[in-house]
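This is what each chain is made of:
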Amino acid sequence: MAGAVLLGLLLTAAALAAPAHAAPAHAAGVPQPDGYRMSDYRSPTPDGVAGGETADTPAVQALLAQGRAVPVFVQRLERSTLPGGPWLQSKAYRQIPGSVWLPNVGMGAPDPATLAWFESQLERLTGGDRNRDLLFYCLSDCWLSWNAAKRAVLFGYARVHWYPTGIDGWMEAGLPTEEAHPLPPPAVSPAP
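The model shown is predicted, which means the values in this text are computed figures rather than measured ones.

Calculation notes
- Residues numbered from 1 in each chain as written.
- Predicted model: local features only at pLDDT ≥ 70, side-chain atom pairs only at ≥ 80, totals over all residues.
- Heavy atoms only, no water.
- Helix = DSSP H or I, 4+ residues; strand = E, 2+ residues; numbered from the N terminus.
- Buried < 20%, exposed > 50% of the residue type's maximum accessible area, 1.4 Å probe, protein only.
- Areas by Shrake-Rupley, 256 points an atom, 1.4 Å probe, with all protein chains shown as cover.
- Phe/Tyr/Trp six-rings, centres within 6.5 Å; stacked < 30°, edge-to-face > 60°.
- Lys NZ or Arg CZ within 6 Å of the ring centre and 35° of its normal.
- Contact = heavy atoms within 4.5 Å.
- pLDDT = per-residue confidence, 0-100.

Draft legend 1. The overall build of the protein, seen in detail. For the protein, the count of helices and strands is five helices and nine strands. Reading the protein from its N end, one meets helices and strands in the order α-β-α-β-β-β-β-β-α-β-α-β-α-β. Evaluated residue by residue, the protein yields a buried proportion of 43% over its 192 residues. Looking at the protein as shown, the accessible area adds up to about 9500 Å², and 59% of this sits on carbon and sulfur atoms.

Draft legend 2. Region of the structure containing the packing of aromatic side chains. Using the criterion set out here, one finds eight aromatic pairs in the structure. Relative to Trp-101, the ring of Phe-73 lies with its centre 5.2 Å away and its plane at 50 degrees, an arrangement referred to as tilted. Here the residue Phe-73 occupies a position in strand E2 (residues 70–73), and Trp-101 occupies one in strand E6 (residues 100–101), the gap between them amounting to 28 residues. Across this residue pair, the class does not change: Phe-73 and Trp-101 are buried. By the ring-pair criterion, three or more aromatic residues cluster together here, those being Phe-73, Tyr-93, Trp-101, Tyr-137 and Tyr-163. For Lys-150, the ring lying beneath its charged end belongs to Tyr-36, and the centroid distance is 5.4 Å. Just above the ring of Tyr-36 sits the side chain of Arg-151; from NZ or CZ to the centre is 4.1 Å.

Draft legend 3. Spotlight on the side chain of Asn-104. Within the secondary structure, Asn-104 sits in the loop between E6 and helix H3 (112–126). Once residues lying within four places of it in the same chain are set aside, the contact partners of Asn-104 are Val-74, Gln-75, Arg-76, Leu-77, Trp-87, Pro-110 and Thr-114.

Draft legend 4. Local environment of the confidence of the model for the protein. Taken residue by residue, the protein gives an average pLDDT of 85. The fraction at 70 or more is 82%. Confidence over residues 1–27 falls short of pLDDT 50; this stretch has 25 contacts with residues more than four positions distant or in other chains.

This is the structure in structure tokens:
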């Protein structure tokens with residue numbers, strides 16, 4: 001609890017001290033697909049996600065300062081081919097302080113184990129409260145966070161926030177980050 005209050009105070013102070021930054025430009029008129037984006041994840045994204053709220057950097061700061069939002073980083077990683085093996089991370093990633101990194105939950109068609117893992121992780125992170133604020137982000141112009149936010153809405157979460165400029169927009173604003181560590185992947189059943 002004290003950590004959340006301290007993070008809120010730091011974010012509020014940073015918001016007041018940081019110069020105003022324009023959000024990176026989004027391609028106007030990118031339509032929301034009926035389903036999920038299945039490929040070319042690093043490309044211009046829509047202005048919003050149905051059933052969710054789109055947040056810019058000041059809105060994310062305010063949301064996190066309230067201490068109720070769970071920030072979820074959804075960058076994609078490759079899996080080890082070893083049974084129960086770790087994620088293969090080719091480079092270090094940064095995340096918004098206090099975030100939980102759930103790799104691959106924003107893929108267009110995640111395997112059943114990843115989909116079930118995502119749903120169970122959201123249940124755990126929110127304590128089963130479908131009205132708890134969830135903040136999904138990745139990199140700028142990245143459909144992984146859009147897909148994850150849409151999926152959370154379809155899981156029945158009522159307060160889904162999507163941060164389309166992601167960690168790139170956060171760092172451009174000069175806000176604090178921390179090293180990101182992915183949660184262990186779900187067990188994957190071997191192919192028959």
